[in-house]
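Here are the chains, one letter per residue:
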Amino acid sequence: MAALHFPLRAIVSNPHPPTRRLLLPLHAHLLVSGRLASAALTSLVSLYARVPALHPVLPLLLTPSSPLPCFNAALSLPHPLALTVFSRLRLVHSPDPFSFPPLVSSAPSPHHLLAIHALALRCGLAHDLFCASALLRACLRFGLADHAHRLFDELPHRDVVVWNAMVTGFAKLGCFHRALECFLRMRADGTAEISSFTVTGILSVCTATADFQRGAAVHGMVVKYGFGHDVSVCNALVDLYGKSHKVADAAMVFEGTAEQDRDLFSWNSMLSALHYSADHVGTMSLFARMRRAAVWPDAVTVAAVLPACAQTAALKVGREVHGYIVTSGLACDGALGVFACNALLDMYAKSGALDEACRVFAWMRQHDVASWNIMIDGYASHGRGQEALELFRQMTEVEGLVPDEVTLLGAMSACSHSGLVEEGGRFLKRMKEEFGLDPQLEHYACVADMLGRAGRLDEVRKVVEEAGAVGTGAWRTYLAACRMHGDKERAQEAARMLMTTEESGSGGWVLLANTHGWDGNFEELQEVRGEMRRRGVQKAAPGCSWVEVGGGNGGGSVIACVWHAFVSGDKAHPEADMIYEMLHTLISWMRDCSDLSIRTPFYSIECS
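Residues numbered from 1 in each chain as written. Predicted model: local features only at pLDDT ≥ 70, side-chain atom pairs only at ≥ 80, totals over all residues. Heavy atoms only, no water.

Visitor: How would you summarise the overall build of the protein if you had to cite specific residues and measurements?
Guide: Helix and strand content of the protein: 33 helices and two strands. Looking at the protein as a whole, 45% of its 608 residues are labelled buried. Here the analysis covers contacts within the protein between residues at least 6 apart in sequence; of these, 59% occur between residues at least 24 apart. For the protein, the accessible surface area stands at approximately 30,300 Å², while carbon and sulfur atoms represent 56% of it. (Helix = DSSP H or I, 4+ residues; strand = E, 2+ residues; numbered from the N terminus. Buried < 20%, exposed > 50% of the residue type's maximum accessible area, 1.4 Å probe, protein only. Contact = heavy atoms within 4.5 Å. Areas by Shrake-Rupley, 256 points an atom, 1.4 Å probe, with all protein chains shown as cover.)

Below, the structure is given as structure tokens:
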């Protein structure tokens, strides 16, 4: 008997459903051998319930003499069949607390759920904790928040499972204040011990509401109650700190988790934290560690790593990730998702591999507005304006999608890079009149840049003035156009206007200084720089570039690559002396090769 029960228990405990070829001979053997006892029959019924093709025949296994656990096991069938089984159950047995949760879980609508709740009340089981927790979860799943609250308040006793159902249910429903209220009531009640599920539920509330202070307090509670080694709690903390832009705190929790305990969610949470804070080099370095730890990425990993590749133009790493997507099967059956596909598309477009971006775009099963935006912007940045405008036409006229502000900016940029001045001006007009969108600074600046390249400075000034308060930064574009066409007086006027319109920042000061240095007025240049020093004006966002070293010239792995970041004016790099020595050598060579004596103040301004 034990020899027979062991394989049956093994099959039941297997998370994958059995096949018909395995289940039917097993059933026949139990019948022929006369060993279809009560326990074996219950296990057999639960196995039949896991094979959809055998659902219609499962009720035939139940007879009036079948024990109640057999009927309860059959209640995990789809709702219509489960109701049939439940009707037969009531003819021969009284339902117990295990009879209602399967029915509640399979309820297809709030109407069905409320009917089951009423029946549970008639049977006197609605306030049983096992049954009540299932009812609470289902009520919150259907958005019946008030009904769930009434049921919760009616319960004479509450265990940690019921409290957790309320906290996590309200959190998933978006009722964050109610979830927090339940958590505080649970703490004040003191009858139920807090579990790791309680902690992850309230941390998800803190993350969703950006309540960093309360989340940090929950972290203290995690340490106090000894949940610091629970990987799900650590993952929730990393997610909280990452979305609060506290990358150092997220890294502290991540590194504090034992490497053998880290799961895929741990790595993805930390990668997302670095991605949110735009630490592109850190993202790719952590991805290399993840690969060394033999953890297989998924679509979430891909969506975090590919933007880092795009921003740093790490085409080699991006191709490796793409190769993994293909070989792992993520590219099949829609497992990748449009968001991750867009990340792959953006990586190729921003890394200069436009042909590969086109192949990915053609391969994608679904395109959203962001997909079209990436391709339009990619064509625009590569100077292929006509192809970009054709894509815009396909998007709006063939696919029937409504463009957004990013789409229009890409189309205007395509016109600017391709010299389609009149077409670009019409896009600004269509944006307001046809698509009902309000132009922002970027749109006015793009049109101003387009007109400036064509030397139409008077029209540039009209566009800047039309922008008003929205497009104050468009004076920068006007200034650049004046410099391009040698109009010193207009350039200085634009620089002064920019200084008066910008509330803070160094942009106007630097541009005004450059206009003086451009014409060789070094005394005025030094006067502006002195005023900048007296006012403590510094460049707010220094330029940064990345260089990928290692991995070979062919298909070197991301694991062997090292990324160096170079920031304008920064001397924290360990080889800063050698870098600046080489930089000055290059500038000397440039001076020897061409007449740059007048234009060198530009370099000195930006690097000072």
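That covers the picture; the talk isn't over yet.
Visitor: Got a sec to walk through the packing of aromatic side chains? Specific residues and values, please.
Guide: Summed over all chains, the structure comprises eleven aromatic pairs. Seen in terms of ring centroids, Phe152 and Trp163 are 4.9 Å apart; in terms of plane orientation they differ by 75 degrees. Their pairing is edge-to-face. Placement of Phe152 in helix H9 (residues 145-154) and of Trp163 in helix H10 (residues 160-173) is noted, with a sequence separation of eleven residues between them. Taking the relative accessible area as the measure of exposure, Phe152 reaches 0% and is therefore buried. Aromatic ring contacts, followed pair by pair, group Phe392, Phe427 and Phe435 into a single cluster. Across from the ring centre of Phe142, 4.6 Å away, lies the NZ or CZ of Arg141, which sits over that ring. Arg262 extends its terminal NZ or CZ atom over the ring of Trp267, reaching a point 5.6 Å from the ring centre. (Phe/Tyr/Trp six-rings, centres within 6.5 Å; stacked < 30°, edge-to-face > 60°. Lys NZ or Arg CZ within 6 Å of the ring centre and 35° of its normal.)

Visitor: Just give me the short version of the pattern of salt bridges, but keep the residues and values in it.
Guide: Once the charged atoms of two side chains with opposite charge are near each other, the side chains can pair. Within the structure shown, the criterion is met by 21 salt bridges. A salt bridge links Lys350 to Asp346; its shortest N-O distance comes to 3.4 Å. Note that Lys350 and Asp346 are positioned in helix H20 (residues 337-350) at a spacing of four residues, about one turn of the helix. The residue Asp449 makes a salt bridge to Arg453 at a minimum N-O spacing of 2.8 Å. (Salt bridge = Lys/Arg side-chain N within 4 Å of Asp/Glu carboxyl O.)

Visitor: Quick rundown of the nonpolar core? Include the residues and the values.
Guide: Core analysis: the biggest nonpolar cluster contains 168 residues, and Leu136, Val199 and Met270 have the highest contact counts within it. It is helix H18 (residues 299-312) that provides the largest number of residues to this core, a total of nine residues. Setting aside its immediate chain neighbours within four residues, Met270 contacts Val238, Val247, Ala250, Ala251, Phe254 and Leu286. (Core = buried A, V, L, I, M, F, W, Y, C linked by side-chain atoms within 4.5 Å.)

Visitor: Tell me about a nonpolar patch on the surface, and please be specific about residues and values.
Guide: Together, Met582, Leu586 and Trp589 give the surface a local cluster of nonpolar side chains, amounting to about 330 Å² of exposed area. Counting through the fold element by element, Leu586 comes out in helix H32 (residues 576-593). (Patch = residues over 30% accessible without salt bridge, like charges linked within 9 Å, V, L, I, M, F, W, Y side chains within 5 Å.)

Visitor: Kindly report on unusual backbone geometry, identifying the contributing residues and their values.
Guide: With phi around 55 degrees, Ala210 is a residue other than glycine that occupies positive phi space. With respect to the helices, strands and loops of the structure, Ala210 is situated in the loop between helix H12 (196-208) and helix H13 (212-225). The residue Ala294 is not glycine, and still its phi comes out positive at about 60 degrees.

Visitor: I'd like to hear about helix H27 (residues 457-467), residue by residue, with values.
Guide: Buried residues of H27: Leu457, Val460, Val463, Val464 and Ala467, and no others. One side of H27 carries all its buried residues, which in axial view fall inside an arc of 115 degrees. Those residues of H27 that are exposed and angled more than 90 degrees off the buried face are Asp458 and Lys462. Remark: Gly468 follows H27 within two positions and exhibits a positive phi of approximately 65 degrees. (Arc of directions from axis to C-beta.)

Visitor: Go over the environment of Cys446, please, and point to the residues and values.
Guide: As for its position among the elements, Cys446 is in helix H26 (residues 441-453). What Cys446 contacts, discounting residues up to four positions off in sequence, is Leu409, Met412, Ser413 and Ser416.

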